[in-house]
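One-letter residues, chain by chain:
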Amino acid sequence: EAGVVQSPRYKIIEKKQPVAFWCNPISGHNTLYWYLQNLGQGPELLIRYENEEAVDDSQLPKDRFSAERLKGVDSTLKIQPAELGDSAVYLCASSSDGVNTEAFFGQGTRLTVV
Amino acid sequence: AQSVTQLDSHVSVSEGTPVLLRCNYSSSYSPSLFWYVQHPNKGLQLLLKYTSAATLVKGINGFEAEFKKSETSFHLTKPSAHMSDAAEYFCVVSMGTGRRALTFGSGTRLQVQP
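Because the structure is predicted, anything quoted here is derived from the model rather than measured.

For chain B, the count of helices and strands is zero helices and twelve strands. Reading chain B from its N terminus to its C terminus gives the helix and strand order β-β-β-β-β-β-β-β-β-β-β-β. Scaling as 2.2 N^0.38, a compact globule of 114 residues should have a C-alpha radius of gyration of about 13 Å, and chain B matches this with 13 Å. Principal axes of the C-alpha set define a box for chain B whose edges measure 45 × 30 × 20 Å. Counting only residues that meet the buried cut, chain B has 46% of its 114 residues in that class. Counted over contacts in chain B with a minimum sequence separation of 6, partners at least 24 positions apart contribute 56%. Of the charged side chains in chain B, 10 are positive and 7 negative, and the gap between their average positions amounts to 10 Å.

All right, on to the state of the cysteines then. The full count for this structure, using the stated rule, is two disulfides over all chains. Here A:Cys23 connects covalently by a disulfide to A:Cys92, the sulfurs 1.9 Å from one another. Of note, the bridge from A:Cys23 to A:Cys92 carries an S-S torsion of about -70° and is left-handed in sense. Residue A:Cys23 is located in strand β3 (residues 19-24), and its partner A:Cys92 is located in strand β9 (residues 88-95); the two are separated by 69 residues in the primary sequence. Across the pair, A:Cys92 and A:Cys23 agree in class, each one buried. Bridging B:Cys23 to B:Cys91, the disulfide has an S-S length of 2.0 Å. Looking along the S-S bond of the B:Cys23-B:Cys91 disulfide, the torsion reads about -70°, which is the left-handed sense.

What follows deals with the environment of A:Ile12. With respect to the element layout, A:Ile12 can be found in strand β2 (residues 10-13). C-alpha of A:Ile12 to C-alpha of A:Ala2: the two residues are ten residues apart in sequence and 27 Å apart in space.

On the side of chain A, 25 residues touch chain B, which itself brings 20 residues to the contact. Taking both partners together, chain B and chain A bury about 1700 Å²; carbon and sulfur atoms supply 47% of that area. In this assembly, chain B and chain A are joined by one salt bridge. Linking A:Glu102 and B:Lys49 is a salt bridge whose minimum nitrogen-to-oxygen distance equals 2.7 Å. Between the two partners, chain B and chain A, sit five residue pairs in polar contact (both at pLDDT 80 or more). Listing elements by their share of the side of chain B that touches chain A, those giving two or more residues are β5 (32-38), β6 (44-50) and β11 (101-104) of chain B. By residue number, the principal contributor to the side of chain B that touches chain A is β5(B), which donates four residues.

This part takes up the environment of A:Gln59. All names here are of chain A. Examined against the element boundaries, Gln59 turns out to sit in the loop between β6 (53-56) and β7 (65-68). Residues Gln59 and Glu44, 15 residues apart in the sequence, show an inter-C-alpha distance of 8.4 Å. Once residues within four sequence positions are removed from consideration, Gln59 is found in contact with Leu45 and Leu46.

Here the focus is the pattern of salt bridges. Residues and elements named next belong to chain A. By the definition in use, this model includes nine salt bridges over all chains. Between Glu83 and Arg64 there is a salt bridge; the shortest N-O distance is 3.3 Å. Of the two residues, Glu83 is situated in the loop between β8 (75-79) and β9 and Arg64 in the loop between β6 and β7; the sequence distance between them amounts to 19 residues. By relative accessible area, which is 40% here, Glu83 ends up partly exposed. By relative accessible area, Arg64 is classed as buried at 13%. Overlapping salt bridges bring together Arg64, Glu83 and Asp86 as one network.

This brings us to the sheet that holds strand β1 (residues 5-7) of chain A. Residue and element names in this part refer to chain A. The strand order β1-β3-β8-β7 describes an open sheet built from four strands, whose pairing is antiparallel. Of all the strands in the sheet, just β1 and β7 have a single pairing partner and so form its edges. For this sheet, the mean angle separating the axes of adjacent strands, direction not counted, is 15°. Relative to β3, β1 is paired through three bridges, and the arrangement is antiparallel. Within β3, the residue paired with Val5 across the bridge is Asn24.

Definitions and cut-offs
Residues numbered from 1 in each chain as written. Chains lettered and ligands numbered in written order. Predicted model: local features only at pLDDT ≥ 70, side-chain atom pairs only at ≥ 80, totals over all residues. Heavy atoms only, no water. Helix = DSSP H or I, 4+ residues; strand = E, 2+ residues; numbered from the N terminus. Rg over C-alpha atoms; globule rule 2.2 N^0.38 Å. Buried < 20%, exposed > 50% of the residue type's maximum accessible area, 1.4 Å probe, protein only. Contact = heavy atoms within 4.5 Å. Lys, Arg positive; Asp, Glu negative; His and termini not counted. Charge placed at Lys NZ, Arg CZ, Asp CG, Glu CD. Disulfide = S-S within 2.5 Å. Buried area = accessible area lost by both parts, 1.4 Å probe. Salt bridge = Lys/Arg side-chain N within 4 Å of Asp/Glu carboxyl O. Polar contact = N/O pair within 3.5 Å; in protein donor to acceptor, adjacent residues only side chain to side chain. Pairing = 2+ DSSP bridges. Axes fitted to C-alpha atoms, helices over the stretch in contact; angles between N-to-C directions.

Right under this line is the structure:
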């Protein structure tokens with residue numbers, strides 16, 4: 001079974017430029033998460049989807065960040081415009097239905113804004 | 001609201017000696033609890049999970065954790081450290097609908113000395 005797939009693995013952009021990250025969750029997983037991980041810190045939730053619906057986006061900086069999950073499968077996270085402080089690892093995870101199920105994480109996208 | 005506190009940011013042990021990584025949680029409801037491990041440049045991997053069954057949970061690679069409700073703790077232990085255990089460890093609490101709202105601790109970096 002394929003795991004959570006994220007692309008790209010690494011991205012370097014200049015500040016004020018747009019950037020997009022893509023995530024393909026494990027087949028059949030209805031819950032999808034985007035997390036932000038700064039160096040030396042634990043992941044922080046940006047947004048959580050149940051199928052196509054964003055059920056928790058309270059921590060998503062909506063002035064510059066946006067996300068979508070069309071058809072309840074793949075998801076894209078976008079930043080426009082990027083700032084120097086956005087340099088971090090962006091993690092995607094998915095989990096199946098049911099109570100107490102663990103989340104499976106992708107390798108992450110390491111973003112560097114210069 | 002839910003939160004999790006990892007009491008040590010760094011732990012250093014000698015190979016072959018016991019490992020103790022401490023975690024306390026705060027949750028209004030009966031939570032699910034997880035430990036994840038993150039090796040350098042690798043994705044997050046589930047070590048073990050507690051979901052209100054047995055309070056002593058066994059995980060992969062010889063790790064185990066004990067849920068203590070009276071102490072609101074979920075400490076991770078291993079009888080004998082191996083060099084390959086050197087990594088970042090995250091305690092995670094989950095609650096909410098289907099217990100799919102995951103909150104991460106700040107992490108504990110485990111160093112294993114030869």
